Amino acid sequence: MNRLASGMARIRIKDLRARTYIGIKEDEIRNRQDVVVNVTIVYPAGDAVQVNDIDHALNYRTITKALLQHIETNRFALLERLTQELLDIVMQQPQVRYAEVEVDKPHALRFADSVSITLSQSRD
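Residues numbered from 1 in each chain as written. Predicted model: local features only at pLDDT ≥ 70, side-chain atom pairs only at ≥ 80, totals over all residues. Heavy atoms only, no water.

A.B. asks: In this structure, what is going on with helix 3 (residues 60-72)? I would like to understand it.
C.D. replies: Count 3.6 residues to each turn of an α-helix, and residues three or four apart come out pointing the same way. The terminal C-alpha atoms of helix 3, which comprises 13 residues, lie 18 Å apart, in line with the 18 Å expected from a rise of 1.5 Å per residue. Here helix 3 has its buried residues at Ile-63, Thr-64, Leu-67, His-70 and Ile-71. Viewed along the axis of helix 3, the buried residues span an arc of 130°, placing them on a single side of the element. Turned more than 90 degrees away from the buried face of helix 3 sit Arg-61 and Lys-65, all of them exposed. Where helix 3 is buried, its residues meet strand 1 (8-22), strand 2 (33-44), strand 3 (75-76) and helix 4 (79-91). A side-chain oxygen of the first residue of helix 3 lies 3.0 Å from the backbone nitrogen of Arg-61; this N-cap is Asn-59. (Helix = DSSP H or I, 4+ residues; strand = E, 2+ residues; numbered from the N terminus. Expected span 1.5 Å × (residues − 1). Buried < 20%, exposed > 50% of the residue type's maximum accessible area, 1.4 Å probe, protein only. Arc of directions from axis to C-beta. Contact = heavy atoms within 4.5 Å. Polar contact = N/O pair within 3.5 Å; in protein donor to acceptor, adjacent residues only side chain to side chain.)

Structure (structure tokens):
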């Protein structure tokens, strides 16, 4: 695992499950499917560590709610588009220095557990 710079924190949101319309086939357009989202966020946590107050931390609950709301109220043809839109939501938080979002579509292929797309972005 990559080493964090001093004062930085890594948040991981693991196996966030939601249902949405995702795909290009007729049955995918008509029926909701499960997606599984994993998010990694790196942000400076020095103030949160010192003050011990949520107002000085990155609120992962707020981010998670925004991700779920977006997934469940929209339709997506491609995993790439859904993944990018979720990454954009995470990067709206000015404290985020780096984020990575992976979206799995279980049972997308007959002989595979899932197919996933991962996208990342960093801020200097």
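A.B. asks: Honestly, the nonpolar core in this entry has me stumped. Any pointers?
C.D. replies: Among soluble globular proteins, nonpolar side chains are generally buried collectively. Leu-86 and Val-90 are the most contacted members of the largest nonpolar core, which totals 31 residues. Among the secondary structure elements, those contributing two or more residues to this core are strand 1, strand 2, helix 3, helix 4 and strand 4 (98-106). The element best represented in this core is helix 4, accounting for seven residues. The contacts of Val-90, once residues within four sequence positions are left out, are Val-39, Ile-41, Ile-63, Leu-67, Val-96, Ala-99 and Val-101. (Core = buried A, V, L, I, M, F, W, Y, C linked by side-chain atoms within 4.5 Å.)

A.B. asks: What is the right way to read the environment of Ile-11 from this model?
C.D. replies: Residue placement: Ile-11 occurs in strand 1. Sequence-wise, Ile-11 and Met-91 are 80 residues apart; in three dimensions their C-alpha atoms are separated by 14 Å. Other than its neighbours up to four places away in sequence, Ile-11 contacts Val-39, Thr-40, Ile-41, Tyr-43, Leu-58 and Tyr-60.

A.B. asks: So what exactly am I meant to see when it comes to helix 4 here?
C.D. replies: With 13 residues, helix 4 should cover 18 Å at 1.5 Å per step; its first-to-last C-alpha distance of 18 Å lies within 8% of that length. Those residues of helix 4 not exposed but buried are Leu-79, Leu-82, Thr-83, Glu-85, Leu-86, Leu-87, Ile-89, Val-90 and Met-91. In this structure, the buried residues of helix 4 make contact with strand 1, strand 2, helix 3, strand 3, strand 4 and strand 5 (114-122).

A.B. asks: How do you make sense of the pairing of strand 4 when you look at a structure like this?
C.D. replies: When a strand is regular, its side chains alternate between the sheet's two faces. Bridge count for strand 2 against strand 4 is seven bridges, and the pairing is antiparallel. Across the sheet, Val-39 pairs through a bridge with Val-101, a residue of strand 4. The pairing of strand 4 with strand 5 spans nine bridges and is classified as antiparallel. Bridging from a neighbouring strand, Glu-102 pairs with Thr-118 of strand 5. (Pairing = 2+ DSSP bridges.)

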